[in-house]
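Residue strings, one per chain:
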Number of protein chains: 4
Amino acid sequence: MTDVAVLGSTGYTALELLKILARHPGVRVTALTTRQTDRPHIASIHPSLTGLFDLCAEDLSPAEVAARAEVVFCCLPHGTSMAAVPELLAAGARVVDLSADYRLDDPAVYAEWYGLEHTDAARMTETVYGLPELSGLPEKIADAKLVANPGCYTSTSILGLAPLLEAGLIEPGGIVVDAKSGTSGAGRSPKLGTLYCEVNESFSAYAVGTHRHQPEIDEVLSKATGRDVSVLFTPHLVPMDRGILCTMYANPTGDVTVEGLIETAQTYYKGKHFVRVVEHLPATKHVAHTNYCDVTYRVAGGKVIALSATDNLLKGASGVAVQNLNLMLGADEAVGLL
Amino acid sequence: MTDVAVLGSTGYTALELLKILARHPGVRVTALTTRQTDRPHIASIHPSLTGLFDLCAEDLSPAEVAARAEVVFCCLPHGTSMAAVPELLAAGARVVDLSADYRLDDPAVYAEWYGLEHTDAARMTETVYGLPELSGLPEKIADAKLVANPGCYTSTSILGLAPLLEAGLIEPGGIVVDAKSGTSGAGRSPKLGTLYCEVNESFSAYAVGTHRHQPEIDEVLSKATGRDVSVLFTPHLVPMDRGILCTMYANPTGDVTVEGLIETAQTYYKGKHFVRVVEHLPATKHVAHTNYCDVTYRVAGGKVIALSATDNLLKGASGVAVQNLNLMLGADEAVGLL
Amino acid sequence: MTDVAVLGSTGYTALELLKILARHPGVRVTALTTRQTDRPHIASIHPSLTGLFDLCAEDLSPAEVAARAEVVFCCLPHGTSMAAVPELLAAGARVVDLSADYRLDDPAVYAEWYGLEHTDAARMTETVYGLPELSGLPEKIADAKLVANPGCYTSTSILGLAPLLEAGLIEPGGIVVDAKSGTSGAGRSPKLGTLYCEVNESFSAYAVGTHRHQPEIDEVLSKATGRDVSVLFTPHLVPMDRGILCTMYANPTGDVTVEGLIETAQTYYKGKHFVRVVEHLPATKHVAHTNYCDVTYRVAGGKVIALSATDNLLKGASGVAVQNLNLMLGADEAVGLL
Amino acid sequence: MTDVAVLGSTGYTALELLKILARHPGVRVTALTTRQTDRPHIASIHPSLTGLFDLCAEDLSPAEVAARAEVVFCCLPHGTSMAAVPELLAAGARVVDLSADYRLDDPAVYAEWYGLEHTDAARMTETVYGLPELSGLPEKIADAKLVANPGCYTSTSILGLAPLLEAGLIEPGGIVVDAKSGTSGAGRSPKLGTLYCEVNESFSAYAVGTHRHQPEIDEVLSKATGRDVSVLFTPHLVPMDRGILCTMYANPTGDVTVEGLIETAQTYYKGKHFVRVVEHLPATKHVAHTNYCDVTYRVAGGKVIALSATDNLLKGASGVAVQNLNLMLGADEAVGLL
C-alpha cells in the first residue's frame, strides 16, 4: 500500500484522479491540498466523492505533503507547479506533475509560449515525459523521480502520428492537426467562455496556431521519432464534457494504403494495453470514461488522415497519471484503470 | 419611430431584447449602458449582433439615457434597478423594468425575500405588472409610466394556473409548482454553478421552497383571481440554454375533465395571441425562440395537473418586455415578435 | 469464476452491464444473444467494448444459453422476457430479469398496464424483487432462482420514500412523484421521439399518470411498508444521456424536521453501501456512472419533499443487476461496482 | 402576395422554411405535401407551428401542387426530387429545389457520388445554382425557373474560400476542408446514428473523403473562380442541433497577411447582406437562427486558414431558399430573413 497525495484538489483532473485512486487497490490517499484555508471536506468540493474519502483539503506546504506521501500528484496550474516540485523532490517524494511546467526541454521555448521565466530550468531536461506508449519511456518512467504528465491534446495527437512518423510513412513537416475537445479541458475556474450558455449549442476554433500544446507536440514527436516534426495545431471547443478527437492531415512519403497504415500502428502498439488500433472511425464516446486511445487511418485526396480519440480527463490527464504511477511502483500499468 | 434605450446591455436578456428591437419596425435604439468605462462596441460584447447595431455601450447616468430615449428597458440586477428607475422617470422616460424591484407590492415581502430594504417603496404599489394576458392589465400597461416585467418562472406558472383559479376549478391552497428551467435564466456572470461542465449531463433542484419567484406567484395570482393563492415552488436546472416547463399539481374543487379544463383556458385566453392552449403535452422546444406560452391540462390521481411552457428569455423576459412596449406605444402587441 | 450470459445484447442496459462484467473479478461472460442471425461481434454492436470481449452475439435459444451459463441476465423487452425465462429456469439457470415481466404480483395489473396477457402468471408471485436496500430482500435475493430487477424510476422513487413510509412520517396516499430522466431510459431502438434533434434543447412531460412504473411503485412500497401506498407519477424527459431525479411531495403525518427526516433515512439505510443520505440537494451528475442513490429531504409549504437521484442505467438497471448477482453468489454486494 | 407550396413537409428544413414563410410579408402558403395519406395537420407534424398555419399536409401530385402555387419549394430527398421537378416546371411553377438533384452539372459525377442514374440529366446544366453571394448568380436566380439550392457544407465552405481563390491568393489544389456540423443536417428520419444517446457527449468524423458535398464544392468553386479547385472534405458530427463550422487549410500562392485576406473578402462581399467578414473567430452560436455566414482568416504554419460558420438549416438550407425566392420575385433578398 503506497501513500499518495494530490496537490490542488478542486479541479476536474483532481476529481477524476481521486475517483481512480478510490478504487485502486494499491494506494491510500493521505493528503489533499487547496489554497482555501478553511479545510473544506473533499465531498463538499466534489459531491460525487461523498462516501469515497473522509479527507479534508488542507493548505499544506510541499514539505508537509511529502511527509505524508511517497508519491505526489501535482494538479496545480503551470507556473505554480514549478515552485512546488523542487520542494517535493527535496523532501523525498516522487512526483507526477500534471501541469505543463516540465513537459518541454527548452526554457526559452517555455518562456515564449507560457510567458513566464522557468524558475527550475535545470530540471527540465532531466524530467521523464509520461507517455508510456512511446518507445523507451516505460523503463524511464519506472525509475523516475519526476514524471511530466503529457497535455491532453498532445498525447492524443502523438498517439495517432508517432507510428507513421517512426516508420517514415509521412513527411514530418506540414502536418495539420485539427483537434476538437470537450469543455472540461478548460478547467473549473468560472470564466465567461466556459459558461454553459456560451458553450452549449456552439462550436468554434480558438488559439489557432498559438496553442501551447503545439510546441509540445513538435518536441515530443521529434525526440520520439528522430525527425524534425512540425505541426500546425488548431483546437476547437465542443459542446460536451469530455473527449478529444484529432483529425490529422499529413503528406505520405510514398504509396500508402489504409491496411498498411493500420498494420504499422498495430505493430507499433503491440503489447500496449491502452491504445486500440481500430478499423472504424473513432468517436469520443467510445473512449469516454476510459483510459483508451482509439486510433485509425484513412487515405484520401493525396493525404494520409490519422484520427485519434481519448477522454481528455483520463488518457489525456488523470488516467495516464495513474498509468505512470503504476509503472513507478513496478505494478501492471493497468491497475485501477479497467 | 420611437427612441428606446437599454440599461445593462451585457446579459442574455439584453441580447435577446436587442435581437427583437433590431427587427422591430417602430423603434430605434439610441443608447446602451454598461459599467465598463471603455465604451465597448455592442458587437464585441455580443458577437451575434455584428452588423445589426453600430452602437457602443456607455457608462451613462439615467438622466443621460432619458435624454436620448422615450422608453427605457432596464436590464439591471435587482437592487440596482430601484436606484436608476426614479431618475429615469423624473427625467421623463417611460420604463419597462426587467428586474424584480417593482414586481411586488409590499416592501416587507421584498425585504424578506431579497434581503434588501427597498429604497423606492412608495412606487411599488403604483407600478403596473407587465403580464398582458391577465384581465385588466393591457389597459393599465398602455397608460403606464413604469411596467414591472414579470419573472420568467412567475409568468409561466401564472399562465397555466390563472384560468382555473379564476373559474374556481381548483383550490387556491396546496398547489405544487414543480418548475424546470434552462440555464440562461441564471444569467451571464461567471459562476461555478453555471459552468458548462457543472450543468451539462446533470439535473438538480435548487432553492426548494425558498426561490424569490414564489411570493411573486402568490401575490400576482391572488390579485388577479381574488383568491388567497399559495404555492409551493420547486425550481430545477435543466441542461439546455432556454425554456421553462412548469408541472403543477392542484386539488380540484369538484368534478373536472381534461376537456373542461382546456375549454376554460381557451375561453380565458380568447384573443390573446401569445398563449396557445393545446391538447398535446407542451415541450420547451415547441416555444423556444418564440414569444408563445403553450398550456395544457391533465387529470390523474385525484389531482389537476397544469403544464405550461415558455422560452424564459422571450415570453419569460425580453419578448414580453417588447409586448409591453407595443402596448405602451398603442401598437399591436405582436409587432416585432412573430 | 461464474459463467454468465446476457440475453439481448444490443441495448444500453446490456452495454452498461457488459462494462461492469468486464471488470468483475468473479465472472466470465460466455454467451451473448441477438435476434440478428449474422453473429455480429459485440464490438461491432458496441464499439466502446472493443478489446474487452472477444465474443459474438448469437441467435441462441434459452436452453443453449443455459447450457453455457450459470446465471443469465435477461435484457429483453417486456413480453419477450416471459417467454424466455421459464425455459432458462427449466434448464437450470438462475436469472436476473431486467424486463418488467416479473416485477408485479398481479397478472390483472400487468395486463391492464402492459396491454398483454401474462403467459407465466403463476411465477409472478414467486419472484424476488431485486432492490437489496429494502428490508428482507437481500436474504431472498441470495436464494432466488429468479430476480425481477426493478424499474429505474421505481427504485429511485422507492429509495426516497420507503424510510419515511416505514416510519409513518408521511401519509401513504396523495404522494406526487415528479420524475425526470435522461434519454437512455427510452432505449436504443430508433424512434422519432428519441432523435437527437427532438430531445436536445427540449424538456417535456410524457405519459402523465399513465406510466407503467406507477403501479410498480405502488405495489412494491405497499408490500415493503405495510401501507396502502398510492402515488401520482409524472415522468419527464431530460436532454442528457443518463440520470434520474425524483422530486416527491408528500403530506406529513405530524410535525417533521429536515434533520429528523434525514436521520430516519440514515437509520433505515445503515450498512447499505449504495444509498447515500446527504444534506445537500442531489444532482444526477453526482451519481452518474456509479451505483449510488443519493437521497435527501426538505420541508416547505406544509409538505415533505423527498429528493433522490440515480444513474438510470446503473443503480436503475445494470448496476443493481450486478448487485443482485453478487448476493446470489454469496459475494459482497459491491464487487465490480466501485 | 405570391402563392407558394412546400413539397415534403415533415423534415427539419421544411419546418424552418415554414417558420420563415409564416412571417414573410409577401407570400401565402397554399399547399404542403407528405406521402402520408391521412392528411395530418401541419401542427401535428411540427407542434411548434401551432397557430401559425391552418393547413394539412396532403398526398398531392406535382401538378396539383403547381395548380395552387406560383413557386414551389422542393424539400424531398435526392432521387425523389428529380421525379417531381419536371412535372412542376411543366405545369408552370417555378421551383427552388433543396435536394441535391440539380446541383451538379455532370450526370456521370451525379451517378458516381449518389449511386443513381439521373432521370432528368438534360436539365442539370440549365439549372441555376442558388448561392446569391457568388458573382453573376443573383441575376441568373432572378430569371430562373429552377434554382438548385446549395448543400449546407457546400455553401459554408465556398463562402470562406471563394474570395481567396478568385483573387489568386491560395492554390486551388490541396485544400483541406475540415467541417463540423450539428445533427439536424442528418435529417428527421429515425436512425440509430442520430439517436440522442448516440450523438450526445460524442464527437466523430464520418464519410472521410467520400461525402457527396465534396464534388459539389469542387465544381461550384471551379466554375465560380475559373480555377481547377480540388478539396479534401472531412465532415464531423457535433452534439448540437444546428450550425456548421468549416476550418479550411490552403497553401498561399505568395506572401499573405490576415489583414490582406480579410480585406480581400470584404471587397468580394461588398453589398452582400448575409456574409459578415469578421476579425474574431466565428462560432456557430453567433449565426444560429440567422441567415448570416461569418467568415474570417488566419495565417499560421505556412498555411492560410479560412474559417466560416453558418446555421445549416438557414443559410445552409431554408434561409438561402427564401433569399432565392426573394430574388426570383424581384424583392429585396432579405425580406423575411432579418
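Residues numbered from 1 in each chain as written. Chains lettered and ligands numbered in written order. Predicted model: local features only at pLDDT ≥ 70, side-chain atom pairs only at ≥ 80, totals over all residues. Heavy atoms only, no water.

Explain the pairing of strand β2 (residues 27–33) of chain A residue by residue, including any values.
All names here are of chain A. In terms of burial, β2 is a largely internal element, six of the seven residues being buried. One ladder, built from five bridges, connects strand β1 (residues 2–7) with β2; its direction is parallel. Residue pairing in the sheet places V6 in a bridge with L32 of β2. With helix α1 (residues 12–23) bridging β1 and its parallel neighbour β2, the resulting β-α-β unit is right-handed. Bridging between β2 and strand β3 (residues 57–58) involves two bridges; their strand directions are parallel. Note on β3: the bridge partner recorded for T33 is E58. (Buried < 20%, exposed > 50% of the residue type's maximum accessible area, 1.4 Å probe, protein only. Helix = DSSP H or I, 4+ residues; strand = E, 2+ residues; numbered from the N terminus. Pairing = 2+ DSSP bridges. Right-handed = clockwise from strand over helix to strand, strands pointing away.)

Give me the pairing of strand β13 (residues 293–300) of chain B: which residues, what numbers.
Residue and element names in this part refer to chain B. In terms of residue burial, β13 counts as a mostly covered element, since seven of its eight residues are buried. With three bridges connecting them, strand β12 (residues 275–277) and β13 associate as parallel partners. Following the sheet pairing, R276 is matched in β13 by D294. Direction of pairing for β13 relative to strand β14 (residues 303–310): antiparallel, over a ladder of eight bridges. If you follow V295 over to β14, its bridge partner there is S308. Counting the residues between successive antiparallel strands, the hairpin from β13 to β14 contains two residues, one of them, G301, with a positive phi of roughly 55°.

I'd love a proper account of the interface of chain D and chain A, names of residues and values included.
At the interface, 37 residues of chain D touch 37 residues of chain A. Of the roughly 2,800 Å² buried at the junction of chain D and chain A (both faces included), carbon and sulfur atoms supply 64%. Considering only the surface of chain D that becomes buried against chain A, E201, F203 and K285 of chain D emerge as the three largest contributors, covering 23% of it. Seen at the junction of chain D and chain A, the total is two salt bridges. Where chain D touches chain A, the interface holds 20 residue pairs in polar contact (both at pLDDT 80 or more). Sorting the residues of the side of chain D that touches chain A by element identifies β8 (175–181), α8 (196–199), β9 (204–205), β10 (231–237), β11 (244–250), α11 (284–287), β13 (293–300) and β14 (303–310) of chain D as the ones contributing at least two each. (Contact = heavy atoms within 4.5 Å. Buried area = accessible area lost by both parts, 1.4 Å probe. Salt bridge = Lys/Arg side-chain N within 4 Å of Asp/Glu carboxyl O. Polar contact = N/O pair within 3.5 Å; in protein donor to acceptor, adjacent residues only side chain to side chain.)

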